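Chain and residue survey
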Amino acid sequence: MGNNLTRRAKDKIFLCKENGGTDLNLSSCNIKKIPKVILRFKKTLKKLNVGKNTIQEFYSQIEKFLYLETLIAESNELKETCTQLSKLEYLTYLDVSNNILSVVPNNLKALITLNISYNSIQSFGNATIVLPALQELFYTHNKVSIFPTEILELRTLRILNLAGNRLNYLPDEISHLAGALVELNISDNIFTSFPTPIATLINLETLSLSGNNLGTLSNHFTTLSKLISINFSNCSLTSFDFDLSQLANLQEIYLSENRISQFGSLTCTSLCSILNTIRILDLTNGAFTQVPKQIGWCKNLRRLLLGQNQLTKIPGELFLLNPSIDIILIPNPLEYPLGEWIKEGIPTFLRNLKPYMKCYGPNCTVTDLGSELKAMAPNQFTINAFDYDNQPRVSGGDDFKVQMLLNGTNNRCDDGAVSTPDESTSIPETSSKTFPMRSSLFFNSIECIVKDNKQTKPGTYTVFFNSPQTGSYSLNITSDGLPVKGSPFFVELN
């Protein structure tokens, strides 16, 4: 085999021969060139790994490996790849990452995966790229500052990884890749705003912009209905308030290392649309002071990372999570006894949260509401609160919003969205309040007051209203944006 080969290399060659000569692994064998002795496998070799050596150039007779499909030469000292690679008609995988290349390997007509990360390829040099079958391009950490437009001609590309470069924009023409592209990674670049051309990539499933100083996000990503994973970690975000209802396939959300104190109302409400899909939620090392109870409704959640925030309380709804969940809650300044419960293990901790659950709108009921009520007179009905497990609430503090609209009214208003007062609030028998006038002689909405009965009949809420006119009304009752059972109701005021 030659005296210049290490014992490890000789053993690997012998092992390849014993196993039919199809797979040769010479990685970390301290070789400076591809040994000629492996030509004995030229008609059988399908996979060759010469990574983690000190090879400076490819073996000039590499073209003789007629059936080679995979070539791994990462972590060497290659300055260029030889033109003979183009004669490997079956080569589908090429990894030449972590070398000192300055030119993109080209004219590889069967190539599906190309890894040229950690090189010095700052541009494609205006060369015509002939990679007609390429589906995966890993082009990270090459100090690229101008998006190589040649990439836009790779219409079969499914994965594009440009992380760790110096990009601050994406061209509008990236839409040319929309037909096939399912994964885009532009993490750790120098973007200062969300690149809106991403919205044209309608088949995108994985999107990562972590490590860019974005400050704020655009809602453009919420239109990408096929998204499975989004990563906005370490993007200097201070808020996250987006309607996620169109992302019906979303499974992973990464928002760690930001300055977000809480989710916005749009996000909290729309979490209900992804309850059955979301599996990973990473909020670590942030500024969260509270997390929404809707997280507990995500029964398929398998990893919940909340450590290193400013949480003092945990919603009782986390009781509903699978006890086998991978959940990290510390360090956080949790109030007593939460910190003590954690010491007893996650299953015990989750079990102890049950009494702290709040109401779940679709399980709540309405009683004492007749279909025919009196105008110009006080009316009332009762909301009965139930939690997500359909158990009666045993304490107050739930938030209900009641909106009473004249039938046919399109301009929904917030007059009926009243915060729930407690029993110390005085509810007058009749109201002398001057009702707001709308664009006609009719009152399009009627104010409703919700009273928390936590001292006399906890878990129930009395709703008072007094209409100055007759008519047909719709009564919309919600909690956390979700309608209670039977809502909307239709009532007639005579």
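Small disclaimer: the values here were computed from a predicted structure and weren't measured.

Scanning the protein chain for helices and strands turns up four helices and 24 strands. Relative to the compact-globule value of 23 Å for 494 residues, the protein chain shows a C-alpha radius of gyration of 32 Å, a clear excess of over 25%. Seen through its C-alpha atoms, the protein chain measures out along the principal axes to roughly 105 × 55 × 35 Å. Residue pairs at least 24 apart in sequence account for 43% of intrachain contacts in the protein chain once pairs closer than 6 positions are excluded. The protein chain carries 44 positive and 44 negative side-chain charges, and their two centres are separated by 11 Å.

Take the sheet that holds strand β21 (residues 460-466) next. Taken in spatial order, the four strands of this open sheet run β15-β17-β21-β20, and their pairing is antiparallel. Whereas interior strands pair on both sides, the edge strands pair on one side only; in this sheet they are β15 (365-367) and β20 (448-452). For this sheet, the mean angle separating the axes of adjacent strands, direction not counted, is 30°. Bridging between β15 and strand β17 (residues 378-384) involves three bridges; their strand directions are antiparallel. Directly across from T365, in β17, lies its bridge partner N384.

Take the side chain of E150 next. Among the structural elements, E150 can be located in the loop between β6 (136-138) and β7 (159-161). No salt bridge forms around the buried E150; measuring N to O, its nearest opposite-charge neighbour R155 is 12 Å away. With residues near it in sequence (within four places) discarded, E150 still touches F124, N126, A127 and I129.

Taken residue by residue, the protein chain gives an average pLDDT of 91. The fraction at 70 or more is 92%. Under a pLDDT of 50 for its full length, residues 411-419 has, in the predicted model, 23 contacts with residues more than four places off or in other chains. Across residues 425-441, confidence stays below pLDDT 50; counting only partners more than four residues off in sequence or on other chains, it has 20 contacts.

Buried residues dominate β17, accounting for five of its seven residues. Where β17 and β21 come together, seven bridges link them in antiparallel fashion. When the bridges of β21 are listed, Q380 appears paired with F464.

Rules behind the numbers
- Residues numbered from 1 in each chain as written.
- Predicted model: local features only at pLDDT ≥ 70, side-chain atom pairs only at ≥ 80, totals over all residues.
- Heavy atoms only, no water.
- Helix = DSSP H or I, 4+ residues; strand = E, 2+ residues; numbered from the N terminus.
- Rg over C-alpha atoms; globule rule 2.2 N^0.38 Å.
- Contact = heavy atoms within 4.5 Å.
- Lys, Arg positive; Asp, Glu negative; His and termini not counted.
- Charge placed at Lys NZ, Arg CZ, Asp CG, Glu CD.
- Pairing = 2+ DSSP bridges.
- Axes fitted to C-alpha atoms, helices over the stretch in contact; angles between N-to-C directions.
- Buried < 20%, exposed > 50% of the residue type's maximum accessible area, 1.4 Å probe, protein only.
- Salt bridge = Lys/Arg side-chain N within 4 Å of Asp/Glu carboxyl O.
- pLDDT = per-residue confidence, 0-100.

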